[in-house]
Amino acid sequence: ANADVRVAVNKNNGKMAEQGSVLFMYDRKGKLEVPAGVTIDEEILLEAAIEADIEDFELVPPEEGLEGEEATTIIYVEPQDTNNMFEALKGLDCMKDKEAKMELIYVTKAPVEVTDEDFEANMKIIDALEELD
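It should be emphasised that the depicted structure is a prediction, and the values quoted were computed from it without experimental measurement.

Asker: Which residues make up the nonpolar core, and what values do they have?
Answerer: Formed by 20 residues in total, the largest nonpolar core has its most connected members in Ile-40, Leu-45, Phe-57, Ile-75, Met-85 and Leu-89. Among the elements that take part in this core, helix 3 (residues 82-90) stands out by supplying four residues, more than any other. Those residues within four positions of Ile-40 in sequence are excluded, and the remaining contacts are Val-34, Leu-45, Leu-59, Thr-73, Leu-89, Leu-92 and Cys-94.

Asker: Quick rundown of the sheet that holds strand 1 (residues 26-34)? Include the residues and the values.
Answerer: Strand order in this open sheet of four strands is 2-3-1-4, and the pairing throughout is antiparallel. The sheet is open, and its two edges are formed by strand 2 (57-60) and strand 4 (101-108), each paired on a single side. Strand-to-strand twist in this sheet, taken as the mean axis angle between neighbours without regard to direction, amounts to 30°. With eight bridges connecting them, strand 1 and strand 4 associate as antiparallel partners. Each residue of the ladder has a partner; that of Gly-30, found in strand 4, is Leu-104. The strands touched by helix 2 (residues 42-51) within the sheet are strand 2 and strand 3 (73-77), with strand 2 carrying the most contacts at an inclination of about 155°.

Asker: So what's going on with the packing of helix 1 (residues 2-11) against helix 4 (residues 116-130)? Residues and values would help.
Answerer: Here helix 1 crosses helix 4 at 150°, and the two axes come no closer than 9 Å. By the angle class used here, helix 1 and helix 4 are roughly antiparallel. Note that helix 1 runs across helix 4; the crossing there is right-handed. The residues of helix 4 that touch helix 1, namely those facing Val-5, Ala-8 and Val-9, are Ile-125, Ala-128 and Leu-129. Grouping the amino acids of the contact of helix 1 with helix 4 by side-chain chemistry returns six nonpolar, no polar and no charged.

How each quantity is defined
- Residues numbered from 1 in each chain as written.
- Predicted model: local features only at pLDDT ≥ 70, side-chain atom pairs only at ≥ 80, totals over all residues.
- Heavy atoms only, no water.
- Core = buried A, V, L, I, M, F, W, Y, C linked by side-chain atoms within 4.5 Å.
- Buried < 20%, exposed > 50% of the residue type's maximum accessible area, 1.4 Å probe, protein only.
- Helix = DSSP H or I, 4+ residues; strand = E, 2+ residues; numbered from the N terminus.
- Contact = heavy atoms within 4.5 Å.
- Pairing = 2+ DSSP bridges.
- Axes fitted to C-alpha atoms, helices over the stretch in contact; angles between N-to-C directions.
- Parallel < 35°, antiparallel > 145°, perpendicular 65-115°, else oblique.
- Left-handed = near helix turned anticlockwise from the far one by under 90°.
- Nonpolar A, V, L, I, M, F, W, Y, C, P; charged D, E, K, R; others polar.

As structure tokens, then:
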């Protein structure tokens, strides 16, 4: 499988970094996704976070959805606080009968703007990788 990935990337003029060589460019975060249509009041969320001993979080309000999808609200926390925030979120009135998603992710420390040409080249590599399934 590793060889197939390497071939797909190389055929499309891509470059693969060595394992772990770019990890320093990312932070590990807990990500909670609030379903579309649910409005989160930041002050109420802050109170719930304080009660759950969560020191810091970032609330990212919904943006316009892609391809007609409704946008979701995202909450980022430290990895060790993910479950506590998930439980605090489930206890909010606005979340009655709603289900949030949680996961651990890597978030870039330095987002990079790319040209349309580079974007298309990257998408070509992604398409080739998806065809490996």
